[in-house]
Structures are given as C-alpha cells and as structure tokens.
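Examining the three-dimensional arrangement
What follows is the residue order along each chain.
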Amino acid sequence: MNLPIGIIDSGVGGLTVAREIMRQLPRETIYYLGDTARCPYGPRQADEVKAFTWELTRYLQQYNIKMLVIACNTATAVVLNEIQNELDIPVIGVIDPGARSAIKQTKNNKIGVLGTVGTIKSEAYDYALRSIHQKVEVSSLACPKFVPIVESGEYEGQTATKVVEETLAGLKDSDIDTLILGCTHYPLLQPKIQSYLGEHVEIINSGDETAREVSTILHFRNLYNKQTDIPEHRFFTTGSSTIFSRIALKWLQLEKIDIESIHL
Ligand code: DGL
C-alpha cells in the first residue's frame, strides 16, 4: 500500500529512527514531523508532552498515513498507549523495541538505561524490561546535557567527550553489560559513550529494533508498498527549515530534501 509512514519527534533526534527505517525498508515513503520549535520535550511536564504529541499526530493524519511511529522516547513514555487506543492505524513507539533488544543481548541481566529527565522519571523502560524479564536489574540515568550538545551540532568534539565522561562517571564501574540509548539523540554520541564505558558494554540503539518492528507490522497487516517507484519522503518542522535540512542531509546522507516549515 503506497501510503506514507508517519514519524513524529520533538525535533531532529527521530531522524536516527527514520534513517534506520529508510535503510531497512527502502521502498517505503516517510513523512517526518519534528517539533523543533518546542524541543526539548525531556524536561517538560507529562501533560504538555501529551498535548504536543497529539498535535503532531493530528497534523500527519491529514496525509492519510498508514502507520505512525512515535520516534521520541519522552513522548512514547507518556502518550503511546492513548494514541494507540484512539487511532485505527498501527502506532508504535521506541521503548518496547529497545527493551526487547536489550533483553536479547544481556548475559548477566544488568541493563543500563540513559534517557531524558521525562523518560527516566516515567520509569517506562524499567516497566518494559521487567514485563519481559522480572529479574532484570535496571540502572537508569537522566542525561540532560546530551540533547543540547547534539542539537548544537557539537557532538563530535572535545566538549562532548567531557560531557559524556562527566555524566556517565557513575556507570563506569557498574557491572551492566548492556546499555539502552533511551533517547533519539544519543546514537550521535554512541562512539564517545562506547569508548568511555568500554567494548564489553553492548549498546542498544532503539532505532534499529523499531525499524524491524515496523517491517514486521507492515508485513503482518499486508501494508507493504509493493510499487517500485523511488519514494518521495517529506519532512516538516515547526522550526527553521534551514537548520533542520542541514542536519537531515548529513544524518540521512541525502543529496536533497523536501522540507517545509509549518505552524501547528
Ligand atoms: N526526542 C527526545 C527523546 O527521545 C529527546 C529530545 C527531547 O528532549 O525532546 O526523548
């Protein structure tokens, strides 16, 4: 079925999920909406995140999307169930796929979770992990300095190294063998996180697993795009299209991008 898959996020971070979906499902058309003007969602109250996420959802619904991916951990934590119950298309978030992947990887059942203040406070990952495996030990850590570093584009420099090391100092000597990057922005800091914690820690990027879940659902519901035309992705942002397109072109390795700045 040649309808678009809708992807929403608080900003550019969900592009890490979009990238994985585009890689694993190259025939599918993506309509992505990033609420860059109101990013970050991480420090906001749950009610506000809920209201914003509904606005994003309603916006993409006008395009007759066949599926919705809430590619934001903070939004997934507070409003996934509600949106799933109200929409008559499949809706998935990024927390369950990340949790499932971590449980598959861990050998000692000690899993770390990094996320925004909102995600960690919601305990959504703890709940998702324990609903699969009751005996798992979860060490969660909010990393409020990570999103600004990534948004500013400085995620490859020395400042980022320092922020990663200072933030993760408490996890350095823990015996977790698996770490979930429970925020869309964190995969951009993955090389620094890996090098600080060491190769013995398996890092889980929810984007991967979420894309696999999208694929399974499309297959199961016979919603796959069977046409072979090159998909025409569209991107919408509530903020500046110039900044968004600079980041999107780089992260998605595209040569051009169809992007529109919108008001909700
Ligand atoms: N997209 C958010 C998440 O995955 C991170 C950025 C924000 O705080 O809005 O939790």
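You'll find the structure just up there.
Every value quoted in this text rests on a predicted model; they were computed, and no experiment measured them.

Side note on the pattern of salt bridges
This model, assessed by the stated rule, comprises 13 salt bridges. A salt bridge links Asp35 to Arg38; the nearest nitrogen and oxygen atoms lie 2.8 Å apart. In this structure, Asp35 and Arg38 share a single accessibility class: buried. As a salt-bridge pair, Asp175 and Lys110 come within 3.2 Å of each other at their nearest N and O atoms. Of this pair, Asp175 sits in the loop between helix H8 (158-172) and strand S7 (178-181) while Lys110 is found in strand S5 (residues 110-115), placing the two residues 65 residues apart along the sequence. Accessibility expressed as a relative area gives 47% for Asp175, which makes it partly exposed.

Topic: the side chain of Asn205
By the element assignment, Asn205 lies in strand S8 (residues 202-205). There is a polar contact of 2.9 Å between the side chain of Asn205 and the backbone nitrogen of Gly207. In contact with Asn205, not counting residues within four places along its chain, are Pro187 and Gln190.

Describing helix H2 (residues 46-61)
Note that an α-helix has 3.6 residues per turn; residues three or four places apart therefore point the same way. Between the first and last C-alpha of H2 there are 22 Å, a value that for 16 residues agrees with the 22 Å anticipated at 1.5 Å per step. For H2, the set of buried residues is Val49, Phe52, Thr53, Trp54, Leu56, Thr57, Tyr59 and Leu60.

Considerations on the nonpolar core
Ranked by size, the top nonpolar core spans 52 residues in total, and within it Leu15, Ile21, Leu114, Phe146, Leu168 and Ile193 carry the most contacts. Once residues lying within four places of it in the same chain are set aside, the contact partners of Leu15 are Tyr32, Phe235, Phe244, Ile247, Ala248, Trp251 and Leu252. Counting residues in each nonpolar core, the second largest holds 23 residues, with Tyr31, Trp54, Leu60 and Ala75 among its members.

Focus on the site of the ligand
Within the structure, the ligand sits among 14 residues, and Asp9, Ser10, Tyr41, Gly42 and Thr74 are positioned closest to it. The separation between an oxygen atom of the ligand and a polar main-chain atom of Tyr41 is 2.6 Å. The side chain of Thr74 places a nitrogen or oxygen atom 2.6 Å from an oxygen atom of the ligand. Protein contact buries 99% of the 300 Å² of open area that the ligand shows by itself.

Looking at the environment of Ile111
Structurally, Ile111 is set in strand S5. For Ile111, the residues in contact, after removing those within four places along its chain, are Ala102, Ile103, Thr106, Leu129, Val136, Glu137, Val138, Ser139, Ile176, Thr178 and Ile180.

A look at H8
At Glu166, H8 shows its maximal bend, which comes to roughly 35 degrees. Regarding H8, the residues found buried are Ala160, Val163, Val164, Thr167, Leu168 and Leu171. The inward-facing, buried residues of H8 abut S5, strand S6 (137-142), helix H7 (146-151), S7 and helix H9 (190-197).

Here's the deal with the side chain of Lys66
By the secondary structure assignment, Lys66 is in the loop between H2 and strand S3 (67-70). A distance of 2.7 Å separates a polar side-chain atom of Lys66 from the backbone oxygen of Leu223.

What about the environment of Ser195?
Residue placement: Ser195 occurs in helix H9. On the basis of relative accessibility, which here comes to 60%, the residue Ser195 falls in the exposed class. Counting along the chain gives 30 residues from Ser195 to Glu165, while the straight-line C-alpha distance between them is 9.8 Å.

As for the packing of H8 against H9
Where H8 meets H9, the closest approach of the two axes is 10 Å, and the angle between their N-to-C directions is 45 degrees. Judged on the interaxial angle alone, H9 and H8 are oblique. Crossing handedness for the pair H8 and H9: right-handed. Contact with H8, carried on its side by Ala160, Thr161, Val164, Glu165, Leu168, Ala169, Leu171 and Lys172, involves Lys192, Ile193, Tyr196 and Leu197 of H9 and no other residues of that element. Here the residues of the contact of H8 with H9 are counted per class, giving eight nonpolar, one polar and three charged.

What counts, and where the lines are drawn
- Residues numbered from 1 in each chain as written.
- Predicted model: local features only at pLDDT ≥ 70, side-chain atom pairs only at ≥ 80, totals over all residues.
- Heavy atoms only, no water.
- Salt bridge = Lys/Arg side-chain N within 4 Å of Asp/Glu carboxyl O.
- Buried < 20%, exposed > 50% of the residue type's maximum accessible area, 1.4 Å probe, protein only.
- Helix = DSSP H or I, 4+ residues; strand = E, 2+ residues; numbered from the N terminus.
- Polar contact = N/O pair within 3.5 Å; in protein donor to acceptor, adjacent residues only side chain to side chain.
- Contact = heavy atoms within 4.5 Å.
- Expected span 1.5 Å × (residues − 1).
- Core = buried A, V, L, I, M, F, W, Y, C linked by side-chain atoms within 4.5 Å.
- Near = heavy atom within 4 Å.
- Areas by Shrake-Rupley, 256 points an atom, 1.4 Å probe, with all protein chains shown as cover.
- Bend = angle between axes of the 7 residues up to and from the residue.
- Axes fitted to C-alpha atoms, helices over the stretch in contact; angles between N-to-C directions.
- Parallel < 35°, antiparallel > 145°, perpendicular 65-115°, else oblique.
- Left-handed = near helix turned anticlockwise from the far one by under 90°.
- Nonpolar A, V, L, I, M, F, W, Y, C, P; charged D, E, K, R; others polar.

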